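# Close look at the chain arrangement
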Amino acid sequence: MTSKRKKSDGTAAGGKKKEKREENAEISGIIQDADIKEKVKEAWHRRKPFSHGGLVLDCQPFPHCVLNNFIQNEGFLENLQKELLALNFHEKSNDLYKFKQSDDLKQRKGAHIPGLRTVIFDQFRHWLSDVLDTELEPVVDVSCAKYEYTDVLLCHDDELEGRRVAFIFYLVPPWEASDGGTLDLYSVDGQYHKDTLLYSVSLVSPITGWMAVCLASRGRSSRLWLFLENCQPKDVVKSLVPQWNTLIFFEVSPVSFHQVAEVISEDKCRLSMSGWFHGTPLERPPRYVEPAIPRNPHLPRDEELLLEWVNPVYLDMAYQAQMQEEFEESSEILLKNFLKEDKFKEVNEALKKTEIQWTRRGPPNKRNYERAELQALPPCVSTCWELLSSEAFFLLLSNFTGLKLHFLAPGSDDEEEEEEEQDCAAGSTRSLEAAAPEQQCSKRNERKSKEPSTPVCRGELRRWGTGDYTLIHDTDLDNMEFALDLLLYCGCENWQSDLGGFTSYIASGEDEELLTVSPEDNALGLVYRDKETLRFIKHVNHRSSQSLEDGPVRRHFYDFSFVYYE
Ligand SMILES: O=C(O)CCC(=O)C(=O)O
Ligand SMILES: [Fe+2]
């Protein structure tokens, strides 16, 4: 400590100028106790619970440990908190999260940040390395996060390049579960069991169940994996309330699914320093790929249905030609007041009826929303569904977009191809594409060379309320091809984008937003996308269920979400 003290002229004892005097943090006595370390180690390897003083180890749903009073000197912590709050924070927002993150803390100077870094990545890392009986590299991987009202980090497993153990150190005011912001741990489908050598998921589902046995050698130990299910997250089975001066750590593994629940408190700030210890990662089973969603050709319904349901403005041929031109330019169009007013009202009312059976769709690392069971829809909702699936509608969409969604639609004759080639030469765009124009043209050529196929669609009627979302994931084959997305919204009175629920289109591998479609009553959105363009629906936050004068309300909006393929 003395060697780090500055002289009164602001020069460090060694004569080197320092910005600020570095202070040492003293780690909890429990971590310094060799006897307890042995007990924790034994419990960890046997996957048994253990607790002593402020240390609680639990292995359900996956191994994690809570260490209260991690730092002994209180004065240090208050100053650390001040130092952290004075950092530059950046608003981070994408499909998975919304929170504020500091600049990188790896090299950060200051009086207290380096002190905590040293404790975590030196003293504590050695302790942890002994407990887990594995080498943890001295790589420093840490940042500071601030979660405030409506901030959230949705379900994920933390698996990334060499991460072995995740840790979070909390500097929060007195916190209750009702403030939100809990660290929630998920169970997985099937039971996960591991002793020193074995991963075993022991439930077999007759449909999705499968088995793989993998013998892998890793250093001294060999591991046997036996997994009979898909290792997908299921339910939150444990919620840890953040507490001042508490460090939580858990093993990063194929089943370490967790989330930071949305912060509900309007005035508290959930401040934390978090990061990872790196080491040889645990082997992971092949990623689970969901079965493809069935697609269907159009239903044999003629234009009677269009005349009955669609705002006549959109049936005017001259107007359709104009729309098509616009669509070919931008690959997207929003058609307001799409349904006839009386039809829209009827559907809007019917959707709020309880007779519709809504089923929640997961898994939570991919999506969380409700979908209507089609068997018991009110008649007008059912007819609206038929409209969007009808032959006449496929042809209408062809007219709106220039896509060949019906055999009567132009698109594959020589003239069209010639035109397309000219377009390619001129570099014009026809789909909402993330790729460069040259690549877009080669993709189009790729499509043209395919056999003519029957246009198909798939659809869902969805209900969106507080806590709902979809996430982008790398096994989402259904969203990685040329397709026309349709969204028709209901029940969105006064819905604003700060509630979430909007559809965001992004270029694969980037956070940059290409387009946002916001819920708006009776608006029909059409977007043509390519395989590099991904979409998600932003987490619907707690603002959507704020109390009104006459009591709390849980608001919902609805959408018919269809995807059409040429
Ligand atoms: O802050 C927490 O409790 C967890 C943070 C987390 O999961 C992460 O940053 O990956
Ligand atoms: Fe995480």
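These notes cover the structure that comes with them. All figures in this text were calculated on a predicted structure; none of them were measured in a lab. (Residues numbered from 1 in each chain as written. Chains lettered and ligands numbered in written order. Predicted model: local features only at pLDDT ≥ 70, side-chain atom pairs only at ≥ 80, totals over all residues. Heavy atoms only, no water.)

## Some thoughts on the overall build of the chain
A count of helices and strands for the chain gives ten helices and 30 strands. Within the span of the chain, comprising 566 residues, buried residues form 53% of the whole. For the chain, the computed accessible surface area is about 26300 Å², with 49% contributed by carbon and sulfur atoms. (Helix = DSSP H or I, 4+ residues; strand = E, 2+ residues; numbered from the N terminus. Buried < 20%, exposed > 50% of the residue type's maximum accessible area, 1.4 Å probe, protein only. Areas by Shrake-Rupley, 256 points an atom, 1.4 Å probe, with all protein chains shown as cover.)

## Overview of the packing of aromatic side chains
The tally for this structure, following the rule as stated, stands at 27 aromatic pairs. Arranged with centres 5.6 Å apart and planes meeting at 65°, the rings of F62 and F250 form a pair that is edge-to-face. Residue F62 is found in the loop between β2 (55-58) and β3 (64-67), and its partner F250 is found in strand β15 (residues 246-251); the two are separated by 188 residues along the sequence. For the pair shown, F62 and F250 are each scored as buried. Among the aromatic side chains, those forming a connected cluster through ring pairs are W44, F70, F121, F124, W127, F167, F169, F249 and F277. The positively charged end of K146 is found above the aromatic ring belonging to F89, 4.3 Å away from the centroid. Lying across the ring of Y147, R270 places its NZ or CZ 5.2 Å from the centre. (Phe/Tyr/Trp six-rings, centres within 6.5 Å; stacked < 30°, edge-to-face > 60°. Lys NZ or Arg CZ within 6 Å of the ring centre and 35° of its normal.)

## Section: the state of the cysteines
In total, this model carries zero disulfides according to the counting rule given. You can see C65 has no disulfide; the closest cysteine sulfur is in C59, sitting 9.1 Å from it. Here C65 falls in the buried class, since its relative accessible area comes to 0%. The thiol of C144 is not disulfide-bonded; the next cysteine sulfur, from C269, is found 8.3 Å away. (Disulfide = S-S within 2.5 Å.)

## A few points about the site of ligand 1
Around ligand 1, a shell composed of L153, H156, D158, I168, Y170, L183, H258, V260, R270 and W276 is seen. Contacts to ligand 1 include D158, whose side-chain N or O atom sits 3.1 Å from an oxygen atom. Between ligand 1 and Y170 there is a distance of 2.5 Å, counted from an oxygen atom to a side-chain nitrogen or oxygen. When isolated, ligand 1 has an accessible area of 290 Å², and the protein chains bury 90% of it. When residues of the shell around ligand 1 are traced back to their parent elements, those giving at least two are β7 (152-156), β8 (163-170), β16 (258-260) and β17 (270-278). When the residues that make up the shell around ligand 1 are grouped by side-chain class, the tally is six nonpolar, two polar and two charged. (Near = heavy atom within 4 Å. Polar contact = N/O pair within 3.5 Å; in protein donor to acceptor, adjacent residues only side chain to side chain. Nonpolar A, V, L, I, M, F, W, Y, C, P; charged D, E, K, R; others polar.)

## Regarding the packing of helix α7 (residues 379-389) against helix α8 (residues 391-401)
Viewed as axis vectors pointing N to C, α7 and α8 meet at an angle of 50°, and their least axial separation amounts to 5 Å. Considering the angle they form, α7 stands oblique to α8. Here L387, L388 and S389 of α7 lie close against α8, whose contacting residues are E391, F393 and F394. Its residues placed into classes, the contact of α7 with α8 shows four nonpolar, one polar and one charged. (Axes fitted to C-alpha atoms, helices over the stretch in contact; angles between N-to-C directions. Parallel < 35°, antiparallel > 145°, perpendicular 65-115°, else oblique. Contact = heavy atoms within 4.5 Å.)

## Details of helix α5 (residues 317-330)
In this model, α5 (14 residues) spans 20 Å end to end at C-alpha, consistent with the 20 Å of a helix rising 1.5 Å per residue. All buried positions along α5 are accounted for by Q320, M323 and F327. Buried residues of α5, viewed axially, fall in a sector of 60°; they line one side. Facing away from the buried surface of α5 by more than 90 degrees, the exposed residues are A318, Q322, E325 and E329. Among the structural elements, β18 (332-335), α8, β23 (483-490) and β26 (524-529) are those in contact with the buried residues of α5. Where α5 begins, the capping side chain belongs to D316, and its oxygen is found 3.2 Å from the backbone nitrogen of A318. Taken from the residues just after α5, S331 is the one with a positive phi, measuring 65°. (Expected span 1.5 Å × (residues − 1). Arc of directions from axis to C-beta.)

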